[in-house]
Amino acid sequence: MKILGGINLLLLLCASIFAGYDVNALSYDYTASIECLEKPHKPKYSGGIIVNPELKHGLKGWSAFGNAKLQHRESQGNEFVVAHSRNEPHDSISQKIYLQRNKLYSFSAWIQVSNGSVPVTAVFKTNSGFVYAGSIVAESNCWSMLKGGLTVNSSGPAELYFESDIASVDIWVDSISLQPFTEKQWRSHQDQSITKIRKRNVRIQALDAQGNPLENATISIQQKSSSFPFGCAINKNILTNIAYQNWFTSRFRVTTFEDEMKWYSTEPSWGHEYYSVADAMLQFARKHNIAVRGHNVFWEDPQYTPGWVKSLTKQQLFAATAKRLHSVINRYRGQVIAWDVVNENLHFNFFEHILGSKASALFYNMAIRTDGATTMFMNEFNTIEDSRDGLSTPAKYLQKLREIQTFPGNRNARLGIGLESHFSMAPNLPYIRASIDTLAAARLPIWITELDVKSSPNQALYLEQILRELHAHPQIQGIIIWSAWKPQGCYRMCLTDNNFRNLATGNVVDKLLHEWGLRAGLTSSGMTDANGFFESSLFHGDYKVKITRPSAVTNSSLVQTLNVAPTTASHQPLEIQLSV
C-alpha cells in the first residue's frame, strides 16, 4: 500500500444512477421470449395503440385481409383469432391504424399455426409501400413471440396484417402490441441504458492522517483504458504504413483482420499454407495491446471459397476442411479472443450442400475440441439490418444456432452471436433493438462484427444513429467497424482519406469514442466538499486518480490506480480505503 503526503483515500463506488435523462419517458421493455409456450404472455404496453389487443372483445377492431376467413376462439381461458381458408400468403387478420413519420414503433405479437413449423411475418401496408416489422418461425400447439419494430417515411393510414408463404396453414394471433415512442423518448432509452450498463458512479473521500475530511482537495481522474471492446478491422497495409498505424493505435484496442486469416489467403493452392502476413499482423496487434478476433475459419459463400476446393470430391473436401480448421485454430489458439467458425451459413451452403446439413454443427464441434476456451461465433448479415430478408431473421438465426448447440458434444460449448451489420439503407432502429432483444434471449455473447454503412449523403448520420443504438443495448458486448483502409478504397465505408484525415464518418467515430470514454485520456476533476467527498460517473475502465492536498506542503498528493467495473449488486457500494 502506497501512502503519499499523509492522505487517506476512501473510494465508494456505487452503481446507483445519476439523474440527467428524461425521467418521464415511457420505459422500453427489452425482454423477449424465444420459447414456444402453452399460453401467450400479456401484450406489451397493454397493447399500445392496438384496439382489442387480447381479443377479449371478439373481433372488435379486427377484419380480414385478402380472402381469409376469421374465427374468434377460446382455449383454456385464452381468447385469440384464427385466419383460415387462406389461399394467398397475405390472407390473414388485419387492423387499420394511423402511423406518424416522426415516431418509432415497437411491435410484438404471439403467433401459432395450425400445423408444421412456418415463418410468419408482420407487415404494415402504408401509402408509400409495405413495411416489414418482424418475423417468427411459428409452430403448432404452442405460441411463439414475434418481436419487431418499424418507422415510416410519411404519416398516414396503414394496415397491419400477417403474411406466410405457406397458404395452407391457419394463422393464429394473440397479444398484439404496437407502441409508439417519440424521438426524444427513444434517445432517452439510449442515454438511460448507457448510464446503467456502461458507467458506474464513483464517490471519493479524501482524509488526512487523523481521519479528518479534507475540504477543497483537488481530485483529478484520468482514464487509462476502456473496458468496452470497440474497434475497427485492419488489413496488411498497416504493416508498412506508419500513418495508418498511428491513426489506428491511437483509437482502438480490438480488431479483426479483413482477409488475412481467411482460407483463400492462408492456403491459396492445395497443400501450400502461408501464414506469414497474418503472423506479422498478430505480432503488430500484440505489440500495441490490441485484441484480435479470429475471422474466419469457413465461409459458406462459394464466391469466397478457395478455387481449388471447388473441384474436390466429398471425401477430399472433408479431409481438407478438417486440415484447415485444425491448422488455423491450433496456430492462433490462445492468441485470439473469438473465432468466426462459419460465416454466412444462413444465406449460403457450399459446405453443407456437399458434406450434409450438419456440416456447420460438425465444424463447431471440431473447433470446440481444438480450442474449447475461446468463444465460437456464428457470423451472419441482415439479421438486424434488413427486415425484408427472410433468410436471416432473428428466428432463423436462432433456429440454426440450436442445430449447432444440439449436435452431440456441443451442448456446453462457448458459442456467440456475430452480427455483421452491413447497412444499405436508413436504419430501422426499432427493428434493430427488437431483433437484438430476441437474440439476447438465447443468453449468449452478442458482438457487432463488421459494421459499415453504404455510401450516401446521410452515411455519417446513419452511422451515428446505428452506433448509438448498438452501444446502448444491454446485451451488446463488443463492436467492430468494417473500415480497413486500402489506397484504392475501403470495402464500403472509409473513416479517413488516404492522408488519414478523418472523413465525416471518422469524425462520428471520434466524437463517440470521446463521449463514451472509449479512447484513453478522458479526464475529469473537481474539489472535495466540506466532508471531503467528490463524486463522478465514470465509464467502465481503468483510471489514474490524483488527490492533491489543499495546502502548500510540497508533494502533498496521492496517486492511485482505479478499476471501474460493472457490478451485479447494483445498490451495494464497493469500498477501497487507504490509510496511514
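The rules we used
- Residues numbered from 1 in each chain as written.
- Predicted model: local features only at pLDDT ≥ 70, side-chain atom pairs only at ≥ 80, totals over all residues.
- Heavy atoms only, no water.
- 1 Å grid on protein atoms, 1.4 Å probe; cavity = no way out; pocket = protein on both sides within 12 Å on 5 of 7 lines; lining within 4 Å.
- Points joined across faces, edges and corners; volume = space filled by probe spheres on them.
- Helix = DSSP H or I, 4+ residues; strand = E, 2+ residues; numbered from the N terminus.
- Nonpolar A, V, L, I, M, F, W, Y, C, P; charged D, E, K, R; others polar.
- Domains from an automatic or database assignment.
- Pairing = 2+ DSSP bridges.
- Axes fitted to C-alpha atoms, helices over the stretch in contact; angles between N-to-C directions.
- UniProt positions renumbered as here; feature names shortened; annotations may be inferred.
- Buried < 20%, exposed > 50% of the residue type's maximum accessible area, 1.4 Å probe, protein only.
- pLDDT = per-residue confidence, 0-100.
- Contact = heavy atoms within 4.5 Å.
- Polar contact = N/O pair within 3.5 Å; in protein donor to acceptor, adjacent residues only side chain to side chain.
- Core = buried A, V, L, I, M, F, W, Y, C linked by side-chain atoms within 4.5 Å.

(A) Fine view of the layout of surface pockets. Of the pockets and cavities examined, the largest pocket occupies roughly 970 Å³. The wall of the largest pocket is formed by 32 residues, among which T151, A426, P427, N428 and L429 lie closest to the centre. At the level of secondary structure, the elements contributing two or more residues to the lining of the largest pocket comprise β6 (103–113), β8 (129–139), α1 (183–198), α9 (429–440) and α10 (459–472). The greatest single-element share of the lining of the largest pocket, amounting to five residues, is contributed by α10. Among the residues forming the lining of the largest pocket, the class breakdown is 13 nonpolar, 10 polar and nine charged. Domain assignment of the residues forming the lining of the largest pocket places at least three in each of domain 1 (44–187) and domain 3 (289–516).

(B) Structural context of the sheet that holds strand β13 (residues 218–226). Taken in spatial order, the four strands make up an open sheet running β23-β13-β25-β26, and their pairing is antiparallel. Whereas interior strands pair on both sides, the edge strands pair on one side only; in this sheet they are β23 (523–527) and β26 (557–564). Here the strands of the sheet are splayed against their neighbours by 20° on average, with no regard to which way each runs. When β13 meets strand β25 (residues 541–548), the two strands line up antiparallel, connected through eight bridges.

(C) Fine view of the UniProt feature "domain: GH10" (unreviewed entry) in the chain. Cross-referencing UniProt, the feature "domain: GH10" (unreviewed entry) maps to residues 215–512 in the present numbering. Helix and strand shares over residues 215–512 are 36% and 19% respectively, and the end C-alpha atoms of the span are 35 Å apart.

(D) Here's a closer look at the side chain of R200. Tracing the backbone through its elements, the reader meets R200 in strand β12 (residues 199–208). With relative accessibility at 5%, the residue R200 sits in the buried group.

(E) Structural context of the confidence of the model for the chain. Overall, the prediction assigns the chain a mean pLDDT of 92, with 93% of residues at 70 or greater. Under a pLDDT of 50 for its full length, residues 11–23 has, in the predicted model, 42 contacts with residues more than four places off or in other chains. Under a pLDDT of 50 for its full length, residues 576–580 has, in the predicted model, 20 contacts with residues more than four places off or in other chains.

(F) Region of the structure containing helix α2 (residues 242–249). When we look at burial in α2, the residues that qualify are Y244, Q245, W247, F248 and T249. Where α2 is buried, its residues contact β14 (230–232), β15 (254–256) and α4 (276–287). At the N-terminal boundary of α2, the capping side chain belongs to N241, with an oxygen 3.1 Å from the backbone nitrogen of A243.

(G) The nonpolar core, seen in detail. Counting 113 residues, the largest nonpolar core has F230, W339 and F363 as the members making the most contacts within it. Setting aside residues no more than four positions away along its own chain, W339 makes contact with M261, G294, V297, V328, I329, Y332, D371, T374, T375, M376 and F377. I111, F124, L146 and F162 belong to the second largest nonpolar core, which has 33 residues in total.

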